[in-house]
Amino acid sequence: MLHVTAMPLGPLDTNCYVLHSDHEAVVIDPGGDADEILSFLSSRKLVLHSVLNTHLHFDHIQGNADLVAAAGVTVMANPKDAYLMQTELGGGGMMGFPRTPAFEITPLEEGELPLLGTTCRVLATPGHSPGSLSFYFETIRAVFVGDLIFYRSVGRTDFPGSSERELMRSVRTKIFTLPEDTVIYPGHGPETTVRQERLNNPFFTEFTR
């Protein structure tokens with residue numbers, strides 16, 4: 001059985017998720033100080049398998065380097081977002097926000113990824129950033145979407161490299177086609193479900209019924 005533990009981290013309270021079995025874990029979007037994550041892993045005697053990034057904006061990756069240093073794991077992300085590390089959006093530093101410690105990524109694209117004794121379906125969901133990914137675990141009916149869609153809202157598309165049209169298409173074709181009871185774990189704010197957002201998200205009124 002897989003379990004999900006959410007930890008709001010960093011200056012923007014980014015939702016970091018620890019997805020774990022009884023013995024092993026993956027971390028999704030460690031957006032702040034890694035000490036809380038490492039303490040949780042230690043308290044549960046969990047071995048960290050890898051870090052997954054939904055995208056490479058600074059508020060989702062601040063803890064990557066510390067987790068690599070502490071556990072020797074790989075960081076997996078879409079290489080289409082790699083250029084962001086050369087900008088303030090990924091490298092940090094704008095408006096007094098912290099700089100992002102350097103780390104290397106292992107390229108990850110759409111397809112199936114074996115993790116924690118099950119299969120993660122990696123979904124290409126561009127829009128908020130060109131390389132945005134979502135991670136769907138059918139065994140627990142859960143999808144981790146980063147800043148693609150939130151409770152009753154959607155991610156920003158006014159950044160360089162963002163696209164409102166692509167974001168809306170990604171939600172409609174990749175998220176709203178999942179089973180309706182799938183829990184959506186967003187990068188900020190509370191969790192929701194596919195059904196709830198199809199019915200109530202004001203950005204997708206064509207699904208209201």
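Residues numbered from 1 in each chain as written. Predicted model: local features only at pLDDT ≥ 70, side-chain atom pairs only at ≥ 80, totals over all residues. Heavy atoms only, no water.

1. Digging into the overall build of the protein chain
- Regarding its fold elements, the protein chain presents five helices and 14 strands.
- Here the C-alpha radius of gyration of the protein chain, 16 Å, is about what a compact globule of 209 residues would show, namely 17 Å.
- Seen through its C-alpha atoms, the protein chain measures out along the principal axes to roughly 50 × 40 × 25 Å.
- A total of 209 residues make up the protein chain; the buried ones form 53% of that total.
- In the protein chain, the share of contacts with a sequence separation of at least 24, taken over all contacts with a separation of at least 6, comes to 57%.
- Working note: accessible area of the protein chain is about 9,300 Å², and carbon and sulfur atoms make up 52% of it. (Helix = DSSP H or I, 4+ residues; strand = E, 2+ residues; numbered from the N terminus. Rg over C-alpha atoms; globule rule 2.2 N^0.38 Å. Buried < 20%, exposed > 50% of the residue type's maximum accessible area, 1.4 Å probe, protein only. Contact = heavy atoms within 4.5 Å. Areas by Shrake-Rupley, 256 points an atom, 1.4 Å probe, with all protein chains shown as cover.)

2. A few points about the layout of surface pockets
- Estimated volume of the largest pocket: approximately 270 Å³.
- For the largest pocket, the lining is made up of 14 residues, of which Leu12, Asp59, Asp147, Arg156 and Phe159 are closest to its centre.
- Looking at the lining of the largest pocket residue by residue, the class counts come to eight nonpolar, three polar and three charged. (1 Å grid on protein atoms, 1.4 Å probe; cavity = no way out; pocket = protein on both sides within 12 Å on 5 of 7 lines; lining within 4 Å. Points joined across faces, edges and corners; volume = space filled by probe spheres on them. Nonpolar A, V, L, I, M, F, W, Y, C, P; charged D, E, K, R; others polar.)

3. Some remarks on helix α1 (residues 35–43)
- Along α1, the positions that sit buried rather than exposed are Ile37, Phe40 and Leu41. Relative to the axis of α1, the buried residues are bounded by an arc of 100° and lie together on one face. Every exposed residue of α1 that faces more than 90 degrees away from the buried side is listed here: Asp35, Ser42 and Ser43.
- Looking at the residues trailing α1, positive phi occurs at Lys45, about 55°. (Arc of directions from axis to C-beta.)

4. A closer look at a negative patch on the surface
- Taken together, Asp33, Asp35, Glu36 and Asp66 make up a surface patch of like negative charges.
- Looking at the element boundaries, Asp35 is found in helix α1.
- On the basis of relative accessible area, Asp35 is assigned to the exposed category, the value being 53%. (Patch = residues over 30% accessible without salt bridge, like charges linked within 9 Å, V, L, I, M, F, W, Y side chains within 5 Å. Salt bridge = Lys/Arg side-chain N within 4 Å of Asp/Glu carboxyl O. Lys, Arg positive; Asp, Glu negative; His and termini not counted. Charge placed at Lys NZ, Arg CZ, Asp CG, Glu CD.)

5. As for the pattern of salt bridges
- For the structure on display, the rule yields six salt bridges.
- Linking Lys174 and Glu110 is a salt bridge whose minimum nitrogen-to-oxygen distance equals 2.7 Å. In this pair, Lys174 sits in helix α4 (residues 164–175) while Glu110 sits in the loop between β6 (106–107) and β7 (111–115), placing the two residues 64 residues apart along the sequence.
- Relative accessible area serves as the criterion here: at 48%, Glu110 is assigned to the partly exposed category.

6. Side note on the nonpolar core
- Ranked by size, the top nonpolar core spans 24 residues in total, and within it Met7, Val18, Val27, Ile37, Leu41 and Leu67 carry the most contacts.
- Looking at this core element by element, the count peaks at three residues for α1.
- Residue contacts for Met7: discarding those within four places in its chain leaves Thr14, Asn15, Cys16, Val18, Glu36, Ile37 and Phe40. (Core = buried A, V, L, I, M, F, W, Y, C linked by side-chain atoms within 4.5 Å.)

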